[in-house]
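Inside the fold
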2 protein chains.
Amino acid sequence: MDLKSYLVERKKLIDKEIVKYLPPFPEFGFRLYEAVKYSLIVGGKRLRPILCLAGCEAVGGNYRNAVTPACAIEMIHTYSLIHDDLPAMDNDTLRRGHPTVWYKFDEVTAILAGDALLNRAFEVLSEWDFDCKVKIEVMKEISKASGMLGMVLGQQCDMDAEGRSDVSLEELLFIHRHKTGRLITASVVAGGITGLGNGEEIEALRKYGDGIGLAFQIIDDVLDVVGDQEKLGKNVGSDAEKGKVTFVTFYGVDGAKKKAREEVEKAVEALSVFPADKVEPLVEIAKFIVEREY
Amino acid sequence: MDLKSYLVERKKLIDKEIVKYLPPFPEFGFRLYEAVKYSLIVGGKRLRPILCLAGCEAVGGNYRNAVTPACAIEMIHTYSLIHDDLPAMDNDTLRRGHPTVWYKFDEVTAILAGDALLNRAFEVLSEWDFDCKVKIEVMKEISKASGMLGMVLGQQCDMDAEGRSDVSLEELLFIHRHKTGRLITASVVAGGITGLGNGEEIEALRKYGDGIGLAFQIIDDVLDVVGDQEKLGKNVGSDAEKGKVTFVTFYGVDGAKKKAREEVEKAVEALSVFPADKVEPLVEIAKFIVEREY
């Protein structure tokens, strides 16, 4: 299959759909609205929503049913980036090739825009016109992955590790699994739940998600060292600058790439419960994650 | 009825229950957990959860069924305070008689603790063992009130208004209705939905909530001018210090108190659809809101 076209088409779909989930323009305080809108339209890869749609199709579902959870997940991912970029946090001025929200608007608006997006994700999921029980299962999956048992915990640990040279591999894996892994896994799984996958199928998707999630972050660490700033669209070398312990610290660039490839193999292996044609995109995405340059 | 005992008993219940909604203690990053726990146990009035339980009882429901949404709402209220106190926002060091979360821990942990709490509220609501359709209706109500159509929008507008002397009464009402009003209304309404109230009952609770919500904020503005810092547990005179336009600016202290009383009368009037014994607590709370000193 032509992965590039697939990703372009699916990104176009998400780009088009996600802005429909903005609430009406408010009478006052529209700076907040503008910041939220800006954050949604500046060019992300839309990896998580794409995984969600593909997860739905893997179990034989119609991907269009998964658009709402896909967009909700992308809102959550986007909020996390807005907060991660804040001066008190990573203090980044550039993201996805554009000024970060706090840098373009202001810190107050950025804090609130992040809050608004996290909240909006749950508004959207609540209002989603779909089977009640499925919605609740999807919300359980997503909310558990994004919160203090998942992404937010991972971010706390990541910040705690900053400047420390005594971060163990165990701790580093914990950081990666939570900060990035949980939401990536939830993306695929939420898609599978939406597509009415059975227990075995959902667990297979979970294994796949866990594998590519870890691989994704390992490659993120690799690209921070060897990546092209223009392609990446964000400041390169920032990990080293902050004396941050990463996967590259433990394995070196080549060792890290090898580890990422192993994780991807495990992930693809997990998909063997599905008919090959139903999971071709997921397989190709897994390979892309280790081969990507941005 | 003895409102004081009622509030003390209900607060005790919420204080006891809310900590049960904390997730398990994590292997790493427990500073986040500690900050979240701290924020939940330092002495709030628990007004919103108390309103939620009372709203449930107003429609003839069992208040124990409303404990989960009540605690979720209090988590959302608590997160909003953590973020409001941040250096970039109101920069407060004291809240509820105790150091604010950023001041006690650090700014990073406070940003994340707020995020964690907002997220946790939706985890808790998703996992709530209750009728699926009711859960969804409750989540719609709460999430709409807390986000960029509600509380977060109100906070943006409040920050936009800071330092400006040209804030109109219309804008000020917008701020109050969103920043504080929406979540207070949602508290009562969520309780009513949990108790399986009918359309007329829910609308009556909504009117009540809107009325006391506005009254509450008016009195908040009054107390910022004339309150006792020790009783309030937070910095007094901070509005004036920041040159903030408040309800007192337009109406003076006495005029503002009068307006608050009018709103409370309307709120109590709305409760006439209910048997008097079922809404006695709500009526007494409404009166308390205008008579309180903290």
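Note that this is a predicted model, so its numbers are computed, not measured.

1. Thoughts on the packing of aromatic side chains
The final tally for this structure, using the stated rule, is 15 aromatic pairs over all chains. Ring centres 5.6 Å apart and planes at 15° place the aromatic pair Phe25 of chain A and Phe30 of chain A in the stacked group. For Phe30 of chain A, a relative accessible area of 40% gives the class partly exposed. Arranged with centres 5.8 Å apart and planes meeting at 65°, the rings of Tyr38 of chain B and Phe105 of chain B form a pair that is edge-to-face.

2. Side note on the environment of Glu137 of chain A
Its place among the elements puts Glu137 of chain A in helix α7 (residues 132–146). Overall, the relative accessible area of 37% leaves Glu137 of chain A in the partly exposed class.

3. Brief notes about the confidence of the model for chain A
Here chain A averages 94 in pLDDT, while 97% of its residues score no lower than 70. Overall fold confidence (pTM) sits at 0.95, and the ipTM for the predicted complex is 0.95.

4. Brief notes about the environment of Val264 of chain B
Residue and element names in this part refer to chain B. With respect to the secondary-structure elements, Val264 resides in helix α13 (residues 247–270). Val264 gets classed as buried once you look at its relative accessible area, which sits at 7%. Residues Val264 and Ile212, 52 residues apart in the sequence, show an inter-C-alpha distance of 5.6 Å. In contact with Val264, not counting residues within four places along its chain, are Ala215, Ala286, Lys287 and Val290.

5. As for helix α7 (residues 132–146) of chain B
Residues and elements named next belong to chain B. Look at α7: 21 Å from first C-alpha to last across 15 residues, which is about the 21 Å you get at 1.5 Å a residue. Most of α7 sits out of view: 11 of its 15 residues are buried. Of all the positions in α7, only Cys132, Val134, Lys135, Ile136, Val138, Met139, Glu141, Ile142, Ser143, Ala145 and Ser146 are classed as buried. Two to three positions downstream of the cap, the backbone nitrogen of Lys133 sits 3.1 Å from a side-chain oxygen, assigning the N-cap of α7 to Asp131.

6. Thoughts on the relation of the copies chain B and chain A
Under the fitted operation, chain B is carried onto chain A by 0.0 Å of movement along the axis and a turn of 180°, and the coordinates agree to an RMSD of 0.0 Å. What the rotation and shift describe, once combined, is the action of a two-fold rotation axis. When C-alpha distances to the rotation axis are compared across chain B, the minimum falls at Cys132 of chain B, with a value of 3.0 Å. When you check the interface residues of chain B against chain A, 100% turn up at the interface there too, and the contact is symmetric in its surfaces.

So, how was this worked out
All residue numbers refer to position in the chain's written sequence, counted from 1. For this description, chains carry letters from A and ligands carry numbers from 1, given in the order in which they are written. Where totals are concerned, whole chains, interfaces and linings use all residues; where local detail is concerned, this predicted model gives features only for residues with pLDDT of at least 70, and gives and counts side-chain atom pairs only at 80 or more. Only hydrogens and water are set aside; all other atoms, that is, all heavy atoms of the structure, feed into the side-chain values. Pairing of aromatic side chains here covers Phe, Tyr and the six-membered ring of Trp, requires ring centres within 6.5 Å, and sorts the geometry by plane angle: under 30 degrees stacked, over 60 edge-to-face, intermediate tilted. Buried, partly exposed and exposed residues are distinguished by accessible area as a fraction of the type maximum, computed with a 1.4 Å probe on protein chains only: under 20%, between the cut-offs, and over 50%, respectively. Helix and strand assignments follow DSSP, with helices taken as H or I runs no shorter than four residues and strands as E runs no shorter than two, numbered in order from the N terminus. Confidence of the predictor in every single residue is expressed as pLDDT, which spans 0 to 100. When checking whether two residues touch, look at their non-hydrogen atoms; a contact exists if any pair is within 4.5 Å. Take the residue count of a helix, subtract one, and multiply by 1.5 Å to get its expected span. The term polar contact refers here to a pair of N or O atoms within 3.5 Å; inside protein, the definition further demands a hydrogen-donor-capable atom paired with an acceptor-capable atom, and it admits residues adjacent in sequence only when both atoms are side-chain atoms. A least-squares superposition brings the copies together, and it is based on the C-alpha atoms of residues with pLDDT no lower than 70 in both.

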